Amino acid sequence: MKATGIVRRIDDLGRVVIPKEIRRTMRIREGDPLEIYTDRDGEVIFKKYSPIGELGDFALEYAESLSKTSGHPTCITDKDNVIAVSGVPKRELSEKRISPDIEKIMEEKTTFIMRGGDHKKMNLLEDSEKYTAGVVVPIISEGDTIGSVVFFSNESTPQMGEVEEKLAQSAAGFLGRHMEQ
């Protein structure tokens, strides 16, 4: 943990304002849930809460099944990071920050599919052009986007079809309903 040098006071209602610079850097948006941790040394730690991150092993098994079925590397993300990956070495992608383009698709609650004539490359990760998203489907639970299912490739223009689109939509729908229970 590193110090930021920023000090804030608690107001009369017990609130603390998280500075804009930190919210921007950590991608904390209005309405985002935060978990609160404490320790014996008096530290209070706020951590972004990822409901889909709680799926852990289940999400990993689901990604593995999707990858085997589709023949494409697959990942499941929360709103900021890759939480489960199959079809490539996990250390390359696990817990890495997703690209702003994928965030935008989730925000808009739309499906993206790279088809034959498409020329717009969509990077999977924020700071890497190694992997390109071929299909991105938001995971929606109780009306809110909580993550996405992504088929990707290390080709600059992966060719995806209706089968991959339907598989990703089915997986996203299932995971969204699973989180509502």
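This text goes with the structure placed above it.
Source: prediction; values computed, not measured.

Peer 1: With reference to specific residues and values, describe the packing of helix H2 (residues 57–70) against helix H5 (residues 162–180).
Peer 2: It is at 11 Å that the axes of H2 and H5 come closest, and there the two elements cross at 165 degrees. Considering their axes alone, H2 and H5 lie roughly antiparallel with respect to each other. H2 and H5 meet at a crossing whose hand is right-handed. Judged by residue contacts, Phe58, Tyr62, Leu66, Thr69 and Ser70 of H2 engage Glu164, Leu167, Ser170, Ala171, Phe174, Leu175 and His178 from H5.

Peer 1: Outline unusual backbone geometry, supporting the account with residue identities and numerical values.
Peer 2: With phi around 65 degrees, Glu95 is a residue other than glycine that occupies positive phi space. Exposure remark for Glu95: the relative accessible area of 68% places this residue in the exposed category.

Peer 1: Outline the environment of Arg115, listing residues and values.
Peer 2: Summarising the element assignment, Arg115 is placed in the loop between strand E5 (112–113) and strand E6 (123–125). Each C-alpha atom of the pair Arg115 and Ser141 lies 27 Å from the other, and the pair is 26 residues apart in sequence. In this structure, Arg115 is in contact with Gln159, Met160, Gly161, Glu162 and Glu165, ignoring residues within four places of it in sequence.

Peer 1: Describe in detail the packing of aromatic side chains, supporting the description with residues and values.
Peer 2: Applying the stated criterion across every chain, the model contains four aromatic pairs. Here the aromatic rings of Phe58 and Tyr62 are separated by 6.0 Å at their centres, their planes lie at 75 degrees, and the arrangement is edge-to-face. Pair noted here: Phe58 and Tyr62 are both in helix H2, with a separation of four residues, about one helical turn. Judged by its relative accessible area of 19%, Tyr62 is buried. Assessed through its relative accessible area of 30%, Phe58 is described here as partly exposed. Feature note: the residues Phe58, Tyr62 and Phe174 constitute an aromatic cluster, connected by ring pairs.

Peer 1: Break down the nonpolar core for me, citing the residues and quoting the values.
Peer 2: The biggest cluster of nonpolar side chains holds 20 residues, and the ones touching the most others in it are Ile76, Val135, Ile139, Val149 and Leu175. Contributions of two or more residues to this core are made by H2, strand E7 (128–141), strand E8 (144–153) and H5. Non-local contacts of Ile139, meaning those with residues more than four positions away in its chain, are made with Ile52, Ile76, Thr77, Asp144, Thr145, Ile146, Gly147, Ser148, Val149, Ala172, Leu175 and Gly176. Membership of the second largest hydrophobic core comes to 19 residues, among which are Val82, Val85, Leu93 and Tyr131.

Peer 1: An account of the side chain of Thr145 is needed here, citing residue identities and associated values.
Peer 2: Locating Thr145 in the fold gives a position in strand E8. In terms of polar contacts, Thr145 uses its side chain to reach the backbone carbonyl oxygen of Met106, at 3.0 Å. Dropping the residues within four chain positions of it, Thr145 is found in contact with Lys79, Met106, Lys109, Pro138, Ile139 and Ile140.

Calculation criteria
Residues numbered from 1 in each chain as written. Predicted model: local features only at pLDDT ≥ 70, side-chain atom pairs only at ≥ 80, totals over all residues. Heavy atoms only, no water. Axes fitted to C-alpha atoms, helices over the stretch in contact; angles between N-to-C directions. Helix = DSSP H or I, 4+ residues; strand = E, 2+ residues; numbered from the N terminus. Parallel < 35°, antiparallel > 145°, perpendicular 65-115°, else oblique. Left-handed = near helix turned anticlockwise from the far one by under 90°. Contact = heavy atoms within 4.5 Å. Buried < 20%, exposed > 50% of the residue type's maximum accessible area, 1.4 Å probe, protein only. Phe/Tyr/Trp six-rings, centres within 6.5 Å; stacked < 30°, edge-to-face > 60°. Core = buried A, V, L, I, M, F, W, Y, C linked by side-chain atoms within 4.5 Å. Polar contact = N/O pair within 3.5 Å; in protein donor to acceptor, adjacent residues only side chain to side chain.

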